[in-house]
Amino acid sequence: MKVIDMHCDTILALHDLKKNGQAGSLRQNQLNVDLTKMQAAHYMLQNFAMFVHLKDNEDPVQKASQLIDRYYLELEKNKDIIRPVFSYQDIIDNEKRGLMSAMLTLEEGAVAKDLAMLRNYYRLGVRMITLTWNFPNGIGHPNFTNTGEFEDLYRINTKDGLTPFGIKYIQEMERLGIIIDVSHLSDAGFYDVYHHTSKPFVASHSNARSICRAARNMSDDMILKLASRKGVMGINFCGDFLIEKPGGHARSCIKDMVRHILYIKELAGIDCIGLGSDFDGIENNLEIENCSQIGQLKEALLAAGLTAEEIDKIFYKNVLRVYHDILK
């Protein structure tokens with residue numbers, strides 16, 4: 001079994017540990033993701049998101065720079081087992097050498113304030129960008145607007161999509177070979193991406209709204225349109241995106257992940273499903289406590305009747321196909 005996970009927040013978690021005077025390295029830590037745990041689960045590639053919160057007291061561009069620096073420092077210290085990737089061929093070459101791969105992603109597209117900055121992030125190695133987090137930015141609008149109200153988790157924005165700059169932004173991403181990620185984006189923004197691009201795109205960490213009404217999940221029509229574009233959605237392990245619980249803070253359970261996967265397969269086919277754990281960015285109320293235990297999901301999917309080939313598609317082949325199509 002090989003694994004590709006499209007989203008984790010481990011670099012930010014390590015950054016925060018250091019800021020608070022605590023120890024932690026990418027090779028081994030007490031977080032959900034580290035390289036030792038990844039090796040145990042036979043990871044092929046992990047996407048590492050550089051998450052920036054627009055409403056905290058730090059300059060977002062400086063924060064992104066600090067996180068990217070920490071990412072590369074950690075990879076340099078661990079180049080015996082993992083290497084950064086900039087192209088599809090890098091992934092294949094790393095695997096041939098017995099190395100895992102790391103992909104640099106941004107979770108908050110607004111840290112690229114113009115197209116020149118976007119191109120410079122590409123030169124730094126960014127190969128996927130989540131266009132928004134939970135705040136409107138110069139690119140577009142989210143669904144969930146982070147008001148702190150539980151009810152907002154179910155508030156869907158069908159009116160506010162991408163800005164004129166946001167449309168130019170995604171078209172430049174396509175030209176460069178940066179994967180467009182619509183997780184967190186409003187429904188209106190999703191359709192703007194669909195109508196103003198031509199290549200596959202992803203929802204790196206989003207589930208099915210018909211199973212759990214959270215606005216962070218995708219409607220049936222959105223899933224079908226993503227699949228028609230040969231894109232992929234990564235199953236998010238966050239309990240509140242897997243099952244509805246009054247007041248929130250639902251436990252993340254494997255059976256609920258299986259429910260989403262079976263529903264999406266029946267709706268749009270197996271080829272649009274991947275993994276996007278959101279490890280180290282979600283609550284630790286998790287049945288799969290860390291990435292070393294991800295094989296438990298495989299066993300549950302086998303028990304649910306999926307074939308080994310279908311599981312391989314979910315665990316790495318579908319995402320690898322998108323990377324082949326987009327990365328230059």
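Residues numbered from 1 in each chain as written. Predicted model: local features only at pLDDT ≥ 70, side-chain atom pairs only at ≥ 80, totals over all residues. Heavy atoms only, no water.

Novice: Break down the layout of surface pockets for me, citing the residues and quoting the values.
Specialist: Taken as a whole, the largest pocket spans an internal volume of roughly 670 Å³. Lining the largest pocket are 33 residues, with Phe 144, Cys 238, Phe 241, Gly 281 and Ile 282 sitting closest to its centre. Those elements that provide at least two residues to the lining of the largest pocket are α1 (10-19) and α9 (239-242). Of the residues forming the lining of the largest pocket, the biggest block, 3 residues, is contributed by α9. Its residues assigned to classes, the lining of the largest pocket comprises 13 nonpolar, 12 polar and 8 charged. In this model, the second largest pocket occupies a volume close to 160 Å³. (1 Å grid on protein atoms, 1.4 Å probe; cavity = no way out; pocket = protein on both sides within 12 Å on 5 of 7 lines; lining within 4 Å. Points joined across faces, edges and corners; volume = space filled by probe spheres on them. Helix = DSSP H or I, 4+ residues; strand = E, 2+ residues; numbered from the N terminus. Nonpolar A, V, L, I, M, F, W, Y, C, P; charged D, E, K, R; others polar.)

Novice: Break down the pattern of salt bridges for me, citing the residues and quoting the values.
Specialist: Scanning the model with the defined rule gives 19 salt bridges in all. Through salt bridges with shared partners, a single ionic network connects Asp 16, Lys 19, Glu 58 and Lys 63. (Salt bridge = Lys/Arg side-chain N within 4 Å of Asp/Glu carboxyl O.)

Novice: Lay out helix α4 (residues 88-96) in plain terms, naming residues and giving numbers.
Specialist: Considered for burial, the residues of α4 that qualify are Tyr 88, Ile 91, Ile 92 and Asn 94. Down the axis of α4, the buried side of the element spans an arc of 160 degrees, and every buried residue falls inside it. The inward-facing, buried residues of α4 abut β2 (43-51), β3 (82-84), β4 (100-107) and α12 (308-326). Looking at the residues trailing α4, positive phi occurs at Gly 98, about 75 degrees. (Buried < 20%, exposed > 50% of the residue type's maximum accessible area, 1.4 Å probe, protein only. Arc of directions from axis to C-beta. Contact = heavy atoms within 4.5 Å.)

Novice: Break down empty space enclosed by the protein for me, with residues and values.
Specialist: Tallied over the full model, the rule gives 1 cavity of 30 Å³ or more. The calculated volume of the largest cavity comes to roughly 90 Å³. Lining the largest cavity are 16 residues, and of these Val 182, His 184, Leu 185, Arg 216 and Asn 217 sit closest to its centre. Split into classes, the residues belonging to the lining of the largest cavity amount to 8 nonpolar, 5 polar and 3 charged.

Novice: Provide a residue-level description of the state of the cysteines, including the pertinent values.
Specialist: Taken as a whole, this structure holds 0 disulfides when the rule is applied. Here Cys 8 is not cross-linked by a disulfide; its sulfur's nearest cysteine counterpart is in Cys 291, at 8.4 Å. Between Cys 272, a cysteine without a disulfide, and Cys 212, which holds the nearest cysteine sulfur, the sulfur-to-sulfur distance is 18 Å. Here Cys 272 falls in the buried class, since its relative accessible area comes to 2%. (Disulfide = S-S within 2.5 Å.)

Novice: Got a sec to walk through the packing of aromatic side chains? Specific residues and values, please.
Specialist: Enumeration according to the criterion identifies 8 aromatic pairs in this entry. Between Phe 190 and Phe 201, the aromatic rings sit 5.6 Å apart at their centres with planes inclined by 70 degrees, giving edge-to-face as the arrangement. Within this pair, whereas Phe 190 is found in helix α7 (residues 187-196), its partner Phe 201 is found in the loop between α7 and β7 (202-203), the two being separated by 11 residues in sequence. As far as the burial class goes, Phe 190 and Phe 201 line up, both buried. (Phe/Tyr/Trp six-rings, centres within 6.5 Å; stacked < 30°, edge-to-face > 60°.)

Novice: Please give an account of the nonpolar core that cites residues and values.
Specialist: The nonpolar side chains of soluble globular proteins are, as a tendency, buried together. Judged by nonpolar contacts, the single largest core of 91 residues is most densely connected at Phe 48, Leu 131 and Leu 297. Counting residues in each nonpolar core, the second largest holds 20 residues, with Leu 45, Ile 91, Ile 179 and Leu 320 among its members. (Core = buried A, V, L, I, M, F, W, Y, C linked by side-chain atoms within 4.5 Å.)

Novice: Explain unusual backbone geometry to me, and be specific about the residues and the numbers.
Specialist: Despite not being glycine, Lys 230 shows a phi value in the positive range, around 65 degrees. By the element assignment, Lys 230 lies in the loop between α8 (220-228) and β8 (232-235). The exposure class of Lys 230 is exposed, given its relative accessible area of 52%. Positive phi is not limited to glycine here, since Asp 278 has a value of about 70 degrees. Relative to the helices and strands, Asp 278 resides in the loop between β9 (273-275) and α11 (295-303). When its relative accessible area of 7% is taken as the criterion, Asp 278 is described as buried.

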